[in-house]
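Okay, here's what each chain looks like letter by letter:
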Amino acid sequence: MPKTSTKERYVEIVSRLAERLTDTGPQALLDLLAIAMVNLSRYSPLNVAMIMAQRPDATDVRGYRTWKKAGKQVLKGERAIWIWAPRLKKTVDENGEEKEVIAGFRLVPVFDITQTDATPEETQHPMHQITAPDHLDPHALARAISAKIAPVTFVTGIHANGLYYRDQHRIEINRNIPPAAQLHALFHEAAHAVLHGKDSAKDKDRKRLELEAETSAYVVSHILGFEVDLASSTYLASYGTKPDELFEIVQDVTAAVRAILAAVQPVAITKAA
Ligand SMILES: [Zn+2]
């Protein structure tokens, strides 16, 4: 077998994600994103994108030996999922003490629980452990987002459902729209605040900014248990077929969804027993 370099393998994984996102219907895509963002919460946004590219329905990935320690055997012939792991190096600090520092990153193989001899009951993903109460108060959520992400005010006299003022890093929500629309606007503008603030270094075009904010809002709503239809304008595949950019967008959406869920968790989310 020819030896694959890390670079080659990474480029191949990046393009695989683009293919998957293009082939997946909007509603299924929403499910996949939500599963990834809830169940892969201990992984960096980069590794979430890596896992989604290779096994989008993965819920619990670990190394071969870690599974073994947990009493599970990786099945013969299973194809590894590759993720980035820090390469540690021992050095001696100024006090003469030995410590480990990150010297770089390498690709390491991991396997999803469905690739082990775990029983079907054990492999069921706990997606629906996060549920929101039936009636979410937009004002309570706005206070939570004000405290953790950016100040939110409810106003009249704006034509949009919501606005994010980049220079002032604050959010306005239209007072005269239904609560469900206010919640969606709140998530959308909060995603802008997380990802597209004044200090965000990247120059992204307008379509991409809206795609990221809208996808984040849909994923948050979906995770909180609202019925949502993914508008075609937010369909990731519609953005184009640039694999690198889609790979980055998945990472950005992961970061925004995490920040919003962390902010609204205390008021919005009840964990099913
Ligand atoms: Zn927007």
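Notes on the structure follow. Per chain, the residues get numbers from 1 upward, laid out in the order the sequence is written. In view of the model being predicted, local features appear only for residues whose pLDDT reaches at least 70, and side-chain atom pairs are presented and counted only at 80 or more, with totals across whole chains, interfaces and linings using the full set of residues.

Regarding the overall build of the protein
Point 1. Runs of H or I in DSSP of at least four residues are treated as helices and runs of E of at least two as strands, each being numbered from the N terminus. Each helix and strand counted, the protein has 9 helices and 8 strands in total.
Point 2. Three exposure classes are used. Buried residues have 20 or more other C-beta atoms within 10 Å of their own C-beta, exposed residues have 12 or fewer, and partly exposed residues fall in between, all C-beta atoms being placed from the backbone. Within the protein, buried positions represent 37% of all 273 residues.

Some details on the packing of helix α6 (residues 138-148) against helix α7 (residues 179-195)
Point 1. Simply put, an axis is a line fit to the C-alpha atoms, just over the touching stretch for a helix, and the angle between two N-to-C directions goes from 0 to 180 degrees. The N-to-C vectors of α6 and α7 enclose an angle of 10°; their axes lie 10 Å apart at closest approach. As summarised for this structure, α6 and α7 are arranged roughly parallel, according to the angle between their axes. Considering only the axes of α6 and α7, their crossing is left-handed. Two secondary-structure elements touch here, α6 through Pro-138, Leu-141, Ala-142 and Ile-145 and α7 through Pro-179, Gln-182, Leu-183, Leu-186 and Ala-190.
Point 2. Grouping the amino acids of the contact of α6 with α7 by side-chain chemistry returns 8 nonpolar, 1 polar and no charged. Orientation labels follow simple angle bins: below 35 degrees gives roughly parallel, above 145 gives roughly antiparallel, 65 to 115 gives roughly perpendicular, and whatever is left gives oblique. By convention the crossing between two helices is left-handed if the near helix lies anticlockwise of the far one by an angle smaller than a right angle, and right-handed if it lies clockwise. C-beta atoms are first placed from the backbone for all residues, and any pair lying within 7 Å is then listed as a contact. Ten residues, namely Ala, Val, Leu, Ile, Met, Phe, Trp, Tyr, Cys and Pro, are considered nonpolar, four, namely Asp, Glu, Lys and Arg, are considered charged, and the remaining ones, Gly among them, are considered polar.

So, the nonpolar core
Point 1. By convention the nonpolar core is taken to be a set of buried residues drawn from Ala, Val, Leu, Ile, Met, Phe, Trp, Tyr and Cys and joined through C-beta atoms within 7 Å. Counting residues in hydrophobic clusters, the biggest one holds 69 residues, and the most contacted among them are Leu-17, Ile-51, Ile-145, Leu-186, Ala-190, Val-219 and Ile-260.
Point 2. Among the elements that take part in this core, helix α9 (residues 243-268) stands out by supplying 13 residues, more than any other.
Point 3. Marked domain ranges trace back to an automatic or database domain assignment. Each of two domains, domain 1 (6-34 + 58-123) and domain 2 (126-271), supplies a minimum of three residues to this core.
Point 4. Dropping the residues within four chain positions of it, Leu-186 is found in contact with Pro-138, Leu-141, Ala-142, Ile-145, Val-152, Gly-162 and Ile-173.

Re the sheet that holds strand β1 (residues 61-62)
Point 1. The 3 strands lie next to each other as β1-β3-β2, forming an open sheet whose pairing is antiparallel. The open sheet is flanked by β1 and β2 (81-92), the only strands paired with a single partner.
Point 2. Where β2 meets strand β3 (residues 98-112), 12 bridges bridge the pair, whose relative direction is antiparallel. Bridge pairing in β3 links Lys-89 to Val-101.
Point 3. Seen against the sheet, helix α3 (residues 45-54) touches β1 and β2 and runs at an angle of roughly 145° to β2. Between any two strands, pairing holds if DSSP finds at least two bridges.

Structural notes on the sheet that holds strand β6 (residues 162-165)
Pairing between the strands of a sheet is mediated by backbone hydrogen bonds and can be parallel or antiparallel.
Point 1. Strand order in the open sheet formed by 3 strands is β5-β7-β6, with mixed pairing between adjacent strands. The sheet terminates laterally at β5 (152-155) and β6, the two strands that pair on one side only. For this sheet the average axis-to-axis angle between neighbouring strands, irrespective of direction, equals 20°.
Point 2. Examined bridge by bridge, β5 and strand β7 (residues 170-174) share 4 bridges and lie parallel to one another. Across the sheet, the residue bridging to Val-155 is Asn-174, located in β7.
Point 3. Sitting on the sheet, α7 is in contact with β5, β6 and β7, with an inclination near 15° to β6.

A short note on helix α2 (residues 26-39)
Point 1. The span you would expect from a helix comes to 1.5 Å times its residue count less one. For α2, built from 14 residues, the straight-helix expectation of 20 Å at 1.5 Å per residue is met to within 8% by its first-to-last C-alpha distance of 20 Å.
Point 2. If you check which residues of α2 are buried, you get Leu-29, Leu-30, Leu-33, Ala-34, Ile-35, Ala-36, Met-37, Val-38 and Asn-39.

Section: helix α1 (residues 6-23)
Because each turn of an α-helix spans 3.6 residues, side chains separated by three or four positions in sequence point in the same direction.
Point 1. The first and last C-alpha atoms of α1 sit 26 Å apart over 18 residues, in line with the 26 Å expected at 1.5 Å per residue.
Point 2. Those residues of α1 lying buried are Ile-13, Leu-17, Ala-18 and Leu-21. In a view along the axis of α1, the buried residues occupy a sector of 140°, so they form one face of it. Residues of α1 that are exposed and point more than 90 degrees away from the buried face comprise Glu-8, Arg-9 and Asp-23. What the arc covers is the set of directions going from the helix axis to the C-beta atoms.

Regarding the packing of α1 against α3
Point 1. Following both chains from N to C, one finds α1 and α3 inclined at 65°, their axes separated by 8 Å at the closest point. Relative to α3, the element α1 is oriented roughly perpendicular. Once α1 is placed against α3, the crossing between them reads as left-handed. Contacts between α1 and α3 pair Ile-13, Val-14, Arg-16, Leu-17 and Arg-20 from the former with Ala-49, Met-50, Met-52, Ala-53 and Gln-54 from the latter.
Point 2. Split by residue class, the contact of α1 with α3 holds 7 nonpolar, 1 polar and 2 charged.

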